[in-house]
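Inside the fold
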Amino acid sequence: MSVSIPASKLKVALATVLKDEGYIDDFAVRPLDGKPVLEVGLKYYAGRPVIEKLERVSRPGLRVYKPSGLFRK
């Protein structure tokens, strides 16, 4: 099974990380009516999706900031 979404550089970078970490099978950027579309192949294990729930934490109306931990001692 696959899903198609409008492509952007950020979405392609995110798909690259998800593929490297084993959360998705594959992805490809294809033109559709002259605009790029990102097709993501979903991954399943034992008949269940590998990614079961995604939740957006920070959104335009409610920004949530967390420290990166890079500069902590």
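Residues numbered from 1 in each chain as written. Predicted model: local features only at pLDDT ≥ 70, side-chain atom pairs only at ≥ 80, totals over all residues. Heavy atoms only, no water.

Looking now at the environment of Val12. Along the polypeptide, Val12 turns up in helix α1 (residues 9-20). Judged by relative accessible area, which is 24%, Val12 ranks as partly exposed. In the structure, Val12 is positioned 27 residues away from Glu39 in sequence and 9.8 Å away in space, judged by C-alpha atoms. The residues touching Val12, leaving out its near neighbours within four places in the chain, are Phe27, Val29 and Leu38. (Helix = DSSP H or I, 4+ residues; strand = E, 2+ residues; numbered from the N terminus. Buried < 20%, exposed > 50% of the residue type's maximum accessible area, 1.4 Å probe, protein only. Contact = heavy atoms within 4.5 Å.)

It is the rolling of a water-molecule-sized probe over the atoms that shows where space remains empty. The calculated volume of the largest pocket comes to roughly 440 Å³. Among the secondary structure elements, those contributing two or more residues to the lining of the largest pocket are β1 (2-6), α1 and β3 (35-42). Considering every element that reaches the lining of the largest pocket, the biggest residue donor is α1, with five residues. Looking at side-chain class alone, the lining of the largest pocket contains 15 nonpolar, no polar and two charged residues. (1 Å grid on protein atoms, 1.4 Å probe; cavity = no way out; pocket = protein on both sides within 12 Å on 5 of 7 lines; lining within 4 Å. Points joined across faces, edges and corners; volume = space filled by probe spheres on them. Nonpolar A, V, L, I, M, F, W, Y, C, P; charged D, E, K, R; others polar.)

Over its 12 residues, α1 extends 17 Å from the first C-alpha to the last, a length consistent with the 16 Å expected when each residue adds 1.5 Å. Among the residues trailing α1, Gly22 stands out with phi positive, at a value near 90 degrees. (Expected span 1.5 Å × (residues − 1).)

Next up on the list: a nonpolar patch on the surface. On the surface, Tyr23, Tyr45, Val50, Ile51 and Leu54 cluster together into a nonpolar patch covering about 550 Å² of accessible area. Examined against the element boundaries, Val50 turns out to sit in the segment after β5 (48-49). Among the residues examined, Val50 registers a relative accessible area of 31% and is labelled partly exposed. (Patch = residues over 30% accessible without salt bridge, like charges linked within 9 Å, V, L, I, M, F, W, Y side chains within 5 Å. Areas by Shrake-Rupley, 256 points an atom, 1.4 Å probe, with all protein chains shown as cover. Salt bridge = Lys/Arg side-chain N within 4 Å of Asp/Glu carboxyl O.)

Shape is all these values report; function is a separate question.
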